[in-house]
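Per-entry structural report
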Amino acid sequence: MSDRPARRGHGPMGPGPVVGEKAKNFKGSIKKLFIYLAKYKFAFLFVIIFAIGSTIFSIIGPTILGNATTSIYNGLMSKISGGSGIDFGELGGILLTLGGLYVTSAVFSFIQGFITSGISQKMTYRMRREISEKINRLPMNYYDTKTHGEILSRVTNDVDTLSQSLNQSMTQLITSVATVIGVLVMMLRISVLMTVVALIIMPISVVMVSLIVKKSQKYFKQQQEYLGHINGQVEEVFGGHNVIKAFNKEEDTLRVFRDTNEILYHSAWKSQFLSGMMQPIMSFVGNLSYVAVSILGGYLALVGTIEVGQIQSFIQYVRSFNQPIAQLAQVANMLQSTAAAAERIFEFLDEEEEEQFSSHHAKVRDYLTGMDRDVRIPELEGRVTFDHVKFGYLPDKIIVHDFSAKVKFGQKIAIVGPTGAGKTTMIKLLMRFYDVNDGAVLIDDYNVKDFDRSELREMFGMVLQDTWLFHGTIRENIRYGRLDATNDEVVAAAKAAHAHHFISALPGGYDMVLDEEASNISQGQKQLLTIARAILANNRILILDEATSSVDTRTEQRIQKAMNNLMKGRTSFVIAHRLSTIRDADLILVMKDGDIIEQGNHDQLMAQNGFYAQLYLSQFEQG
């Protein structure tokens, strides 16, 4: 229908996307992420234990190394004074202890990294599974208002960003906090005065980094959003490249891509540039600390307050103290992209879903008597009633005003009318792709709303004008209609659809693999395969939406004969623009502007000399 809600974003030749949204609730997104990760709390506990253990053993190292330096210094001074010199036994013991500490720290770090990787991959697997399941529960209206690229970006870019940033930031956050606390304790143990001097300079870098983080947050959000726009446009252009070339729209497409890519470039450049400024700032502040500590340490060593080796240890601790501060700044930076990705994923997972299951469960209410009965889909005959149906894709834009029709079991019903009259919309209401605003759609006097959606759709076989085949063999694509069908049944369905001949002529026959777009067969052959799939499904109600629009006239005649046999014993709805194909229909519903304006068989409608007669004659007036 032309009155569907417009999609956000752009088409391959349309205007560029809207300007990026403002950054949303950062704290709320991080909080949601922590709640989501609560399932892995025991694994997180082990990560914390091993990370802290690794950090502690690493922190003790400089003190032990300082003792070694002091031992060497004292030995050299003793040798100069005529003493015994360096005690290599004592020095060897110190170095062995130091090696043991570093090896233990490395083992702990390895175990912690192993667990962290497991958590991030389990989270990625779970999140992608939930997104895939969510896609099947979303209402059709959602897909009418979003581009494919936007949805694809949630499954790919956002989940990958979240996984990578979580894997890095979680480890760095724990080790950095533990390192800052541990190093501060060791620095105070050596010299309170030197520690105070070192810490006085730190607030300078903290203030500067905080300003950078605040500035970069909006650019990270914008970068994630426009990455989705880029993906959407590339997907659309790739899918329609033949049309783009046919209309010479390559330059227009490139222009739109350049505009979108320009915004992505600037947001990515600014975010990466701002995050890259943190390391030079921290290095500059760290160098100031080294100078101040070295001067003060030299003075304290001269007056005998501390030993020479402790100066070395303290300088190492200052460096160790600066490094986790820089890492914490990087973690804060990564948290911006983490929050942006998490926000988009949770927005998608929180989207309103269509109701999958009926509240009546096994009971279905008879629309006429109001009594609840035990009804199962296989027990239904296939009578269909549209009772004063009112519907609009948007509540304020009603396109079907008052649609009523009664269809008997086994009848062939043709729905005709100009483009945008509401023909396909009626089929979507019948299958509950959308729910009516008012009135009711009934099957055997039972409201379709009283059935589970998946159970209801077991009644329908469908062949659409837009063919859909997946990457797999021809046999697998036909068997998609009924997965437990035998090979003989697949072949029989193909013969009934007049597809067996061309399949047998293909290399590999039924085992030939269709590529991703099924471009290795013709459009007409694709249509024949979808018809064979519907024949194999053998459903009670058959829906044909321009099913023969892509085949030649001769093939169409053969398919019509096969379809006539197929439609015997089942209710059939045929949407057709070629009125010559539905002359034998039991009932023809003529739609215009969302309402039935005429109904009857072909002869009756021609006798009325009304709108149908005008449509029919207009298709043959030239002949």
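Everything quoted here is computed from the prediction, not taken from an experiment. (Residues numbered from 1 in each chain as written. Predicted model: local features only at pLDDT ≥ 70, side-chain atom pairs only at ≥ 80, totals over all residues. Heavy atoms only, no water.)

1. Focus: the sheet that holds strand 12 (residues 571-575)
Hydrogen bonding along the main chain pairs the strands of a sheet, whether they run parallel or antiparallel. Ordered in space as 8-11-12-5-13-14, the 6 strands form an open sheet in which the pairing is mixed. One side of each edge strand has no neighbouring strand; the edge strands of this open sheet are strand 8 (460-463) and strand 14 (595-600). Between one strand axis and the next, the sheet turns through 20° on average, direction left out of account. Direction of pairing for strand 13 (residues 587-592) relative to strand 14: antiparallel, over a ladder of 5 bridges. (Pairing = 2+ DSSP bridges. Helix = DSSP H or I, 4+ residues; strand = E, 2+ residues; numbered from the N terminus. Axes fitted to C-alpha atoms, helices over the stretch in contact; angles between N-to-C directions.)

2. Here's the deal with the packing of aromatic side chains
Under the counting rule described, the total for this entry stands at 9 aromatic pairs. With a centroid separation of 5.4 Å and an interplanar angle of 5°, the aromatic rings of tryptophan 269 and phenylalanine 273 are classed as stacked. Residue tryptophan 269 and its partner phenylalanine 273 are located together in helix 8 (residues 250-276), separated by 4 residues, close to a single helical turn. In textbook terms, an aromatic cluster arises when at least three aromatic residues are bridged by ring pairs, as seen for Trp468, Phe470 and Tyr480. Note that arginine 126 overlies the ring of tyrosine 36, its terminal NZ or CZ placed 3.8 Å from the centroid. (Phe/Tyr/Trp six-rings, centres within 6.5 Å; stacked < 30°, edge-to-face > 60°. Lys NZ or Arg CZ within 6 Å of the ring centre and 35° of its normal.)

3. Thoughts on the side chain of threonine 260
Checked against the element boundaries, threonine 260 lands in helix 8. In this structure the side chain of threonine 260 is engaged in a polar contact, spanning 3.0 Å, whose partner is the backbone oxygen of valine 256. (Polar contact = N/O pair within 3.5 Å; in protein donor to acceptor, adjacent residues only side chain to side chain.)

4. So, the layout of surface pockets
Its boundaries defined by the atoms lining it, the second largest pocket holds a volume of some 400 Å³. For the second largest pocket, the lining is made up of 18 residues, of which Pro139, Asn141, Glu352, Glu354 and Tyr434 are closest to its centre. With 3 residues, the top contributor of residues to the lining of the second largest pocket is helix 4 (residues 140-145). Class assignment for the residues of the lining of the second largest pocket results in 7 nonpolar, 4 polar and 7 charged. (1 Å grid on protein atoms, 1.4 Å probe; cavity = no way out; pocket = protein on both sides within 12 Å on 5 of 7 lines; lining within 4 Å. Points joined across faces, edges and corners; volume = space filled by probe spheres on them. Nonpolar A, V, L, I, M, F, W, Y, C, P; charged D, E, K, R; others polar.)

Function-wise, these values are silent; they only describe arrangement.
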